[in-house]
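Geometric and topological summary
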Amino acid sequence: MQIKDIIKAAALMLNRKEIVDYVDGKVSEVTSEVIDKVESMVGLTNLVLNELSDSYIPMVKTKMLTAENGEIEYSKIDDKVIKICSVRLASGEQIDFELGTESLIVAHSNVEVEFNYLPPEYTLTEEIGYKDKDIPVRVIAYGVMAELAICEGKFDEAVTYHKRYVDSLAQICLPKNSTVKARRWA
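Here the structure is a predicted model, which means the values were calculated and not measured.

**Examining the overall build of the protein**
- Scanning the protein from N- to C-terminus turns up five helices and seven strands.
- The order of helices and strands in the protein, counted from the N terminus, is α-α-α-β-β-β-β-β-β-β-α-α.
- Its C-alpha atoms give the protein a radius of gyration of 21 Å, clearly above 16 Å, the size a compact globule of 186 residues would have.
- With the C-alpha coordinates aligned to their principal axes, the bounding extent of the protein is approximately 60 × 60 × 25 Å.
- Among the 186 residues that make up the protein, the fraction classed as buried is 35%.
- Long-range contacts, defined here as pairs at least 24 residues apart, represent 71% of the contacts in the protein between residues at least 6 apart.
- Summing over all exposed atoms, the protein offers an accessible surface of approximately 11600 Å²; the carbon and sulfur share of this is 49%.
- Here the protein contributes 22 positive and 31 negative side-chain charges, whose respective centroids are spaced 9 Å apart.

Set out below in structure tokens:
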């Protein structure tokens, strides 16, 4: 999934054909208004992705890293790490680790580290850290539409889009089928 896919989905729902055509590369001449709107939507999409990854659905990545003297400096991970989820050997065996102030402390030299991270500032054609199975394009587009409506001073529309966004997130984040064990009071 790319940023342009999210912007295209939002523009389709907002009936902004000129933005869809620009993102698809179907126009030869583009007004500065359309370019400014797309640039704004790229920024808003990054804002929504940042909020999503920090608060609702973490972006997860796995990297093979080499420890030096039993430590892996956080700066060598190349991402803005929020949380270390697990550390495994190449065989898949999970191992213990400690979180230091500047580094991850492990007892082995080559390890696979799984972590949650904050996304970088993506450009229009970059692949983002979510796949469609993680979160549909439509849900992120609702978030972008809500932010765009706020920027344009359309507060009633912003409330409507935000509700769609939150309701869609609830469908993804909440358990689909939960039961409570029957209690017996004596």
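**Here's the deal with helix 2 (residues 17-24)**
- Residues I19, V20, D21 and V23 constitute the buried set of helix 2.
- Directly after helix 2, the chain includes G25, whose backbone phi takes a positive value near 75°.

**Looking at the sheet that holds strand 5 (residues 97-99)**
- Reading across from one edge, 2-6-5 is the order of the three strands in this open sheet, with antiparallel pairing throughout. Two strands lie at the open edges of the sheet, namely strand 2 (71-73) and strand 5, each paired on one side alone. The mean inter-strand angle of the sheet, taken between neighbouring strand axes irrespective of direction, is 20°.

**Digging into the pattern of salt bridges**
- Per the stated rule, a full pass over the model turns up twelve salt bridges.
- In this structure, K63 and D79 form a salt bridge, with 3.4 Å as the shortest nitrogen-oxygen distance. Of this pair, K63 sits in strand 1 (residues 59-66) while D79 sits in the loop between strand 2 and strand 3 (80-88); the two residues are 16 residues apart in sequence, bridging distant segments of the chain.
- Overall, the relative accessible area of 21% leaves K63 in the partly exposed class.
- Two residues, R88 and E112, come together in a salt bridge whose shortest N-O distance is 3.8 Å. Taken together, the residues span a long stretch of sequence, with R88 in strand 3 and E112 in strand 7 (residues 110-118) at a distance of 24 residues.
- What makes E112 partly exposed here is its relative accessible area of 25%.
- Within this structure, K37, E152 and K154 form a network of salt bridges that share partners.

**Topic: the sheet that holds strand 3**
- If you walk across this open sheet you meet the four strands as 1-7-3-4, and the pairing is antiparallel. Two strands in the sheet have a free side with no partner beyond their single neighbour: strand 1 and strand 4 (94-95).
- Relative to strand 7, strand 1 is paired through eight bridges, and the arrangement is antiparallel. Residue pairing in the sheet places L65 in a bridge with V111 of strand 7.
- Relative to strand 7, helix 3 (residues 32-56) is tilted by about 120°, and along the sheet it contacts strand 1, strand 3 and strand 7.

**Some thoughts on the nonpolar core**
- Residues L52, V113, I128, Y130 and I140 are the most contacted members of the largest nonpolar core, which totals 52 residues.
- Considering each element in turn, this core owes the most residues, ten residues, to helix 4 (residues 137-151).
- Residues contacting L52, with those up to four places away along its chain left out, are I57, P58, Y130, I135, I140, Y165 and L169.

**What to know about the packing of helix 2 against helix 3**
- At their nearest, the axes of helix 2 and helix 3 sit 10 Å apart, and the two run at 80° to each other. By the angle between their directions, the pair helix 2 and helix 3 is classed as roughly perpendicular. The residues of helix 3 that touch helix 2, namely those facing E18, I19, Y22 and V23, are V34, I35, K37, V38 and M41.
- Broken down by class, the residue content of the contact of helix 2 with helix 3 amounts to seven nonpolar, no polar and two charged.

Definitions and limits used
- Residues numbered from 1 in each chain as written.
- Predicted model: local features only at pLDDT ≥ 70, side-chain atom pairs only at ≥ 80, totals over all residues.
- Heavy atoms only, no water.
- Helix = DSSP H or I, 4+ residues; strand = E, 2+ residues; numbered from the N terminus.
- Rg over C-alpha atoms; globule rule 2.2 N^0.38 Å.
- Buried < 20%, exposed > 50% of the residue type's maximum accessible area, 1.4 Å probe, protein only.
- Contact = heavy atoms within 4.5 Å.
- Areas by Shrake-Rupley, 256 points an atom, 1.4 Å probe, with all protein chains shown as cover.
- Lys, Arg positive; Asp, Glu negative; His and termini not counted.
- Charge placed at Lys NZ, Arg CZ, Asp CG, Glu CD.
- Pairing = 2+ DSSP bridges.
- Axes fitted to C-alpha atoms, helices over the stretch in contact; angles between N-to-C directions.
- Salt bridge = Lys/Arg side-chain N within 4 Å of Asp/Glu carboxyl O.
- Core = buried A, V, L, I, M, F, W, Y, C linked by side-chain atoms within 4.5 Å.
- Parallel < 35°, antiparallel > 145°, perpendicular 65-115°, else oblique.
- Nonpolar A, V, L, I, M, F, W, Y, C, P; charged D, E, K, R; others polar.

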